[in-house]
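The lines below spell out each chain.
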Amino acid sequence: MKHHPSVPLTGYREFSIEEMRSRLSEFQSDVQRRRTVRDFSERAVPRDIIESALRAAGSAPSGANLQPWHFVVISDADMKKRIRVAAEEEEKDFYEHRASAEWLAALEPLGTDTRKPFLEIAPYLIAVFMQKTGVLPDGRKVKHYYPAESTGLATGILITALHRAGLVLLTHTPSPMGFLNELLDRPKREKPFLLLVVGYPATDVRVPDIRRKMLHEYVTFVGD
Ligand code: IYR
């Protein structure tokens, strides 16, 4: 094998099978409590909480370790308003023209519509961008590999970290999201991936009465 620079795996920790079970049981029930929320409180969240969660997200595996993601954290009231106006414009077109009857029927149980007040009410919006190409420190442009998979993995860690911190989120996908490049001054090589809405839930918030699939419905084991 060709030589490549390496270091010892100092961060690894092994647990007994019992510890594995109890750590996973705690993690699983904590993660399973997560619900997507659409009604937020205006209550502020300290910025260091968001930063810590983003540090966790930045640990995600990525194609060729090129870390093809960029997160824009928005708390500025004026920018939140501009994002709301642009998103509602796209959503109006979506709900009134572009969405198929089948899509609208699938959304019915969620009760979503063109109004997106949470974009102004929640203390933080996090715009996630996927970089199809990157720029090296010397200015050379490089191709990124598996940018969607990598950015999805980082976003999953971010959502889990913020949930574990006791915050709620909405994974919002105004479509199309090109307006985010313009408003947030991001280059064309970055594609908007998702808009996360983050904060505390509104008092007495309610969520759709929906169920999650059982393990056997989404897992197949081959072997013991
Ligand atoms: N982007 C629209 C519609 C929408 C689409 C899906 I798929 C959802 O899971 C929820 C909403 C909106 O945000 O309202």
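In what follows, the accompanying structure is described. Worth saying up front: this structure is predicted, and the values here are computed from it rather than measured. (Residues numbered from 1 in each chain as written. Predicted model: local features only at pLDDT ≥ 70, side-chain atom pairs only at ≥ 80, totals over all residues. Heavy atoms only, no water.)

Things to note about the side chain of Glu 190
Inspection of the secondary structure assignment puts Glu 190 in strand β6 (residues 190–199). Under the relative-accessibility criterion, Glu 190 is labelled buried at 2%. Residues contacting Glu 190, with those up to four places away along its chain left out, are His 70, Phe 129, Met 130, Gln 131 and Asn 181. (Helix = DSSP H or I, 4+ residues; strand = E, 2+ residues; numbered from the N terminus. Buried < 20%, exposed > 50% of the residue type's maximum accessible area, 1.4 Å probe, protein only. Contact = heavy atoms within 4.5 Å.)

Some remarks on a nonpolar patch on the surface
Judged by side-chain polarity, Leu 215, Tyr 218 and Phe 221 come together as a nonpolar surface patch covering roughly 390 Å² of accessible area. By secondary structure assignment, the location of Phe 221 is in the segment after α8 (215–218). (Patch = residues over 30% accessible without salt bridge, like charges linked within 9 Å, V, L, I, M, F, W, Y side chains within 5 Å. Areas by Shrake-Rupley, 256 points an atom, 1.4 Å probe, with all protein chains shown as cover. Salt bridge = Lys/Arg side-chain N within 4 Å of Asp/Glu carboxyl O.)

What to know about the pairing of strand β2 (residues 124–131)
Counted residue by residue, β2 has 8 buried out of 8 residues, so it is predominantly covered. Pairing of strand β1 (residues 69–74) with β2 involves 6 bridges; the strand directions are antiparallel. Across the sheet, the residue bridging to Phe 71 is Val 128, located in β2. With 8 bridges joining them, β2 and β6 adopt antiparallel strand pairing. Counted as the bridge partner of Ile 126 is Leu 196 from β6. (Pairing = 2+ DSSP bridges.)

Some details on the site of the ligand
Around the ligand, the structure places Glu 91, Phe 94, Tyr 95, Trp 103, Leu 107, Leu 110, Thr 112, Asp 113, Lys 116, His 172 and Thr 173. In this structure, an oxygen atom belonging to the ligand sits 2.5 Å away from a side-chain N or O atom of Lys 116. Isolated, the ligand exposes 380 Å² of accessible area, and the fraction of that covered by the protein chains is 73%. Elements that contribute at least two residues to the shell around the ligand include exactly α3 (77–98) and α4 (101–107). No other element matches α3, which puts 3 residues into the shell around the ligand. Residues of the shell around the ligand, tallied by class, amount to 5 nonpolar, 3 polar and 3 charged. (Near = heavy atom within 4 Å. Polar contact = N/O pair within 3.5 Å; in protein donor to acceptor, adjacent residues only side chain to side chain. Nonpolar A, V, L, I, M, F, W, Y, C, P; charged D, E, K, R; others polar.)

Things to note about the nonpolar core
Core analysis: the biggest nonpolar cluster contains 22 residues, and Ile 74, Ile 83, Leu 119, Leu 184 and Val 197 have the highest contact counts within it. When contributions to this core are tallied by element, the ones reaching two or more residues are β1, α3, α5 (118–121), β2, β5 (168–172), α7 (179–184) and β6. With 4 residues, the single largest contributor to this core is α3. Those residues within four positions of Ile 83 in sequence are excluded, and the remaining contacts are Ile 74, Leu 119, Leu 125, Phe 179, Leu 180, Leu 183, Leu 184 and Leu 195. (Core = buried A, V, L, I, M, F, W, Y, C linked by side-chain atoms within 4.5 Å.)

Re the sheet that holds β2
Judged by pairing direction, the sheet is antiparallel, and its 4 strands sit side by side in the order β1-β2-β6-β5 without closing on themselves. The open sheet terminates on both sides in strands that have one partner only, identified here as β1 and β5. Averaged over all pairs of adjacent strands, the angle between their axes in this sheet comes to 25 degrees, without regard to strand direction. The strands that α3 touches are β1, β2, β5 and β6; relative to β1, the one it contacts most, it runs at about 115 degrees. (Axes fitted to C-alpha atoms, helices over the stretch in contact; angles between N-to-C directions.)

As for unusual backbone geometry
Cis geometry marks the peptide bond from Ser 175 to Pro 176, where omega comes out at -5 degrees. Relative to the helices and strands, Pro 176 is located in the loop between β5 and α7. The residue Asn 65 is not glycine, and still its phi comes out positive at about 50 degrees. If you trace the backbone, Asn 65 turns up in the loop between α2 (47–57) and β1.

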